[in-house]
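Each chain, written out:
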Amino acid sequence: KMPFIGTKTNVELNQEKKEIIKQKLGQAISIIPGKSENWLMVSFEYVPDMYFKGNGDKPMAFVEVKVFGKVAPSDFDKLTKEITSIISQECSIEPSQIYIKYEEVSNWGWNGSNF
């Protein structure tokens, strides 16, 4: 339960594109056993100043995935492939311009209490 995926990109995203990405991320999160779109929170930050390898003129993205509990590294590997594919396809970003960070969280609050 309790996954979060936040995407920062210097590519402008309209509402339709955000909806498509959100839907695809909702499907992708199920790669991790016990995780589903039913508990997924997604956020987008777009068109910030971003630089990668000293260069700011290419499309790029930084994706953060936070999950409650432990996840097998092989599941993160599969999710990396899927998220990279989604962001690359939907935002026209080369896979080499995408970073994905994972964080396993042991304390997670919801609805006034902690899991």
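The structure we're discussing is the one just above.
Bear in mind that the values here come from a model prediction, so they are computed numbers and not experimental data.

A.B. asks: Can you explain the pairing of strand E4 (residues 98-105)? Please cite residues and give values.
C.D. replies: Two strands pair when backbone bridges link them, and strand E3 (residues 61-68) and E4 are joined in this way by eight bridges, in the parallel orientation. Residue pairing in the sheet places Val65 in a bridge with Tyr102 of E4. Running through helix H2 (residues 73-91), the crossover from E3 to the neighbouring parallel element E4 is right-handed.

A.B. asks: Can you break down the environment of Lys18 residue by residue, with the values?
C.D. replies: On the secondary structure map, Lys18 appears in helix H1 (residues 15-28). For the pair Lys18 and Thr7, spaced eleven residues apart in sequence, the C-alpha to C-alpha distance is 10 Å. When residues no more than four places from it in sequence are discounted, the contact partners of Lys18 are Leu13, Phe44 and Tyr46.

A.B. asks: Any details on the nonpolar core? Residues and values, ideally.
C.D. replies: Generally speaking, a soluble globular protein has its nonpolar side chains buried in company with each other. By size, the foremost hydrophobic cluster in this structure holds 23 residues, and its most contacted members are Val65, Ile83 and Ile87. Those elements giving two or more residues to this core turn out to be H1, E3, H2 and E4. A total of six residues in this core trace back to one element, the largest contributor, which is H2. Other than its neighbours up to four places away in sequence, Ile83 contacts Leu25, Val63, Val65, Ile100 and Tyr102.

The rules behind the values
- Residues numbered from 1 in each chain as written.
- Predicted model: local features only at pLDDT ≥ 70, side-chain atom pairs only at ≥ 80, totals over all residues.
- Heavy atoms only, no water.
- Pairing = 2+ DSSP bridges.
- Helix = DSSP H or I, 4+ residues; strand = E, 2+ residues; numbered from the N terminus.
- Right-handed = clockwise from strand over helix to strand, strands pointing away.
- Contact = heavy atoms within 4.5 Å.
- Core = buried A, V, L, I, M, F, W, Y, C linked by side-chain atoms within 4.5 Å.
- Buried < 20%, exposed > 50% of the residue type's maximum accessible area, 1.4 Å probe, protein only.

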